[in-house]
Amino acid sequence: MRDPLVERMRGFGTTIFAEMSALAVATGAINLGQGFPDEDGPAGVLERAVEAVRGGGNQYPPGIGVPELRQAVAEQRLARYGQAYDPDTEVLVTVGATEAIASAVLALTEPGDEVIAFEPFYDSYAATVALAGARIVPVTLRPEAGRFTFDPAELRAAVTPRTRIVLVNSPHNPCGTVFTGEELRAVAEVCVEHGLTAVTDEVYEYLTFDDAVHLPLAAFPGMRERTVAISSAGKTFSVTGWKTGWICAPEPYIRAVRTVKQFLTYVGAAPWQLAAAHGLRHELAWVEGLRGALQAKRDRLSAGLESAGFTVHRPQGTYFVQADVSPLGHRDGAELARALPALAGVVCIPTQVFYADPARGRRYVRFAFCKRDEVIDEAVERLRGGL
């Protein structure tokens, strides 16, 4: 029969995460591909979810999200970044950051519009833009002085009369870059000059390393009124399966995004929302401990990958290390990634799947370090013996 899938989505198919995770299961390989921790989050957050379930919080919450979480998000944004948002009109709870991004793009673009995104970009970005009938326009991050960054001139050149959104992910998945004030000012200037909306994916906002500091784009001159800021509980509290996210934005943006969001999922699970509110108010010391632990795991895996022959780009944040496969004599990261489970019993993700043109990322693979130390050590030993 004819392929029933609409034309604009035919280039996507099964996500690389599902493919590589299935390969890990089939081969018994250690999965350093998909970015989920192998340990649960803070006990207080987990217990608050249990209390909510047992206490009857199992029916539809308000469409905009439970008041406790909206208030906690507004408090967090004010305390951490000095930005005031009205929890009743400027905060929207979503089913994870992925739904928040999808709802924003669907609400704010028309077919034929353009969305600028910094590549490599998380795979849902391109799919979401395609769903909207819009076109994604990449601005490439390239390694420079030990980190991935962009050329402001390329960003300016990417803007056309059809540009509507600049999609900014910092801390950046998969590169691990935390954009500097200078880089964010360049983005802000382009947005203000051309009247563009910024959609910011900030889910790794707490997970930065060394002296890198996450700065919200909405705090830059002229950006509060044109930024849709997105974050979530999943990475902050190591509860990625809860899919609880939120948006902070001016009321007209919240109204627009909610108009779309209500017909996607309507609402997210109430118990997870109440638990996330507890986390934001009471568990940030635990999150700081997580940040320190992840920095040590980053160093542990980076050293191990280097000892196995990779060139490693040590990240400033997130869960992920970018590794260059060319020193090993390989020219294609996707070929190596698919062979690695049989060669060494380890799964990674080929970074080229996150590029509009895969050739630009062919040398790189992505490894996740949000795993127990013994898992990282075993993976390194396997890589040393199998490559």
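Residues numbered from 1 in each chain as written. Predicted model: local features only at pLDDT ≥ 70, side-chain atom pairs only at ≥ 80, totals over all residues. Heavy atoms only, no water.

As annotated in an unreviewed UniProt entry, the chain carries the name Pyridoxal phosphate-dependent aminotransferase and is attributed to Actinocorallia libanotica. What the UniProt record of the chain gives under Cofactor (unreviewed entry) is the line "pyridoxal 5'-phosphate". (UniProt positions renumbered as here; feature names shortened; annotations may be inferred.)

Caption draft 1: Here's a closer look at the overall build of the chain. Across its full length, the chain carries twelve helices and 15 strands. Rg of the C-alpha trace for the chain: 20 Å, near the compact-globule value of 21 Å for 387 residues, within the 12% margin. Here the chain holds 387 residues, and the buried ones make up 58% of them. Of the roughly 15500 Å² of accessible surface on the chain, 52% is carried by carbon and sulfur atoms. Positive and negative charge centroids in the chain, built from 38 and 46 side chains respectively, lie 3 Å apart. (Helix = DSSP H or I, 4+ residues; strand = E, 2+ residues; numbered from the N terminus. Rg over C-alpha atoms; globule rule 2.2 N^0.38 Å. Buried < 20%, exposed > 50% of the residue type's maximum accessible area, 1.4 Å probe, protein only. Areas by Shrake-Rupley, 256 points an atom, 1.4 Å probe, with all protein chains shown as cover. Lys, Arg positive; Asp, Glu negative; His and termini not counted. Charge placed at Lys NZ, Arg CZ, Asp CG, Glu CD.)

Caption draft 2: Layout of the sheet that holds strand β4 (residues 135–140). With mixed pairing, the seven strands of this open sheet are ordered in space as β2-β10-β9-β8-β7-β3-β4. Looking at strand neighbours, the two that pair on one side only are β2 (91–94) and β4, the edges of this open sheet. Here the strands of the sheet are splayed against their neighbours by 20° on average, with no regard to which way each runs. By the bridge criterion, five bridges tie strand β7 (residues 163–169) to strand β8 (residues 197–201) in an arrangement that is parallel. Of the residues in β8, the one forming a bridge with V168 is T200. Lying over the sheet, helix α4 (residues 96–108) contacts β2, β7, β8, β9 (227–232) and β10 (245–248), oriented at roughly 160° with respect to β9. (Pairing = 2+ DSSP bridges. Axes fitted to C-alpha atoms, helices over the stretch in contact; angles between N-to-C directions. Contact = heavy atoms within 4.5 Å.)

Caption draft 3: The arrangement of the sheet that holds strand β15 (residues 364–368) in detail. Read across the sheet, four strands follow the order β11-β12-β15-β14 without closing on themselves; strand pairing throughout is antiparallel. Edge positions in the sheet fall to β11 (311–313) and β14 (349–350), since each has one partner strand and no second. Examined bridge by bridge, β14 and β15 share two bridges and lie antiparallel to one another. Looking across to β15, one finds that I349 is bridged to R366. Most of the contacts of helix α10 (residues 284–307) go to strand β12 (residues 320–324), to which it runs at about 15°, and overall it touches β11, β12 and β15.

Caption draft 4: Examining the UniProt feature "domain: Aminotransferase class I/classII large" (unreviewed entry) in the chain more closely. The UniProt record marks residues 29–383 with the feature "domain: Aminotransferase class I/classII large" (unreviewed entry), using the residue numbering of this structure. In residues 29–383, the share of helix is 40% and the share of strand is 18%. The end C-alpha atoms are 11 Å apart.

Caption draft 5: Local environment of the packing of helix α11 (residues 333–344) against helix α12 (residues 373–386). Orientation of α11 relative to α12, taken along the N-to-C sense of each, is 95°, at an axis distance of 9 Å. Taken together, α11 and α12 sit at an angle that is classed as roughly perpendicular. Residues L340, L343 and A344 of α11 touch α12, and the partners they reach there are R382, L383 and G386. Considering only residue class, the contact of α11 with α12 consists of four nonpolar, one polar and one charged. (Parallel < 35°, antiparallel > 145°, perpendicular 65-115°, else oblique. Nonpolar A, V, L, I, M, F, W, Y, C, P; charged D, E, K, R; others polar.)

Caption draft 6: Representation of the packing of helix α2 (residues 43–54) against helix α9 (residues 270–282) in the model. Viewed as axis vectors pointing N to C, α2 and α9 meet at an angle of 145°, and their least axial separation amounts to 8 Å. For the pair α2 and α9, the sense of crossing is right-handed. Between α2 and α9, the residues in contact are G44, V45, R48, A49, A52 and V53 and P271, W272, L274, A275, H278 and G279, respectively. Along the lines of polarity and charge, the residues of the contact of α2 with α9 split into eight nonpolar, three polar and one charged. (Left-handed = near helix turned anticlockwise from the far one by under 90°.)

Caption draft 7: Layout of the packing of aromatic side chains. This model, assessed by the stated rule, comprises 14 aromatic pairs. Plain terms: the ring middles of W242 and W272 are 5.0 Å apart, the flat faces sit at 15° to each other, and that makes the pair stacked. Taken together, the positions of W242 in the loop between β9 and β10 and W272 in helix α9 put the pair 30 residues apart, joining distant regions of the chain. For W242, a relative accessible area of 15% corresponds to the buried category. Pairwise contacts between aromatic rings join F17, Y122, Y125 and F354 into one cluster. When the ring centre of Y85 is taken as reference, the NZ or CZ atom of R224 above it lies at 4.0 Å. Of note, R366 hangs over the ring of F320, and the distance from its end group to the ring centre comes to 3.5 Å. (Phe/Tyr/Trp six-rings, centres within 6.5 Å; stacked < 30°, edge-to-face > 60°. Lys NZ or Arg CZ within 6 Å of the ring centre and 35° of its normal.)

Caption draft 8: Representation of the environment of N58 within the structure. With respect to the helices and strands, the residue N58 is situated in the loop between α2 and α3 (67–81). Overall, the relative accessible area of 42% leaves N58 in the partly exposed class. Spatially, the C-alpha atoms of N58 and P271 are 6.9 Å apart, while their sequence positions differ by 213 residues. Once you skip the residues sitting within four places of it in the chain, N58 turns out to touch A52, V53 and P271.

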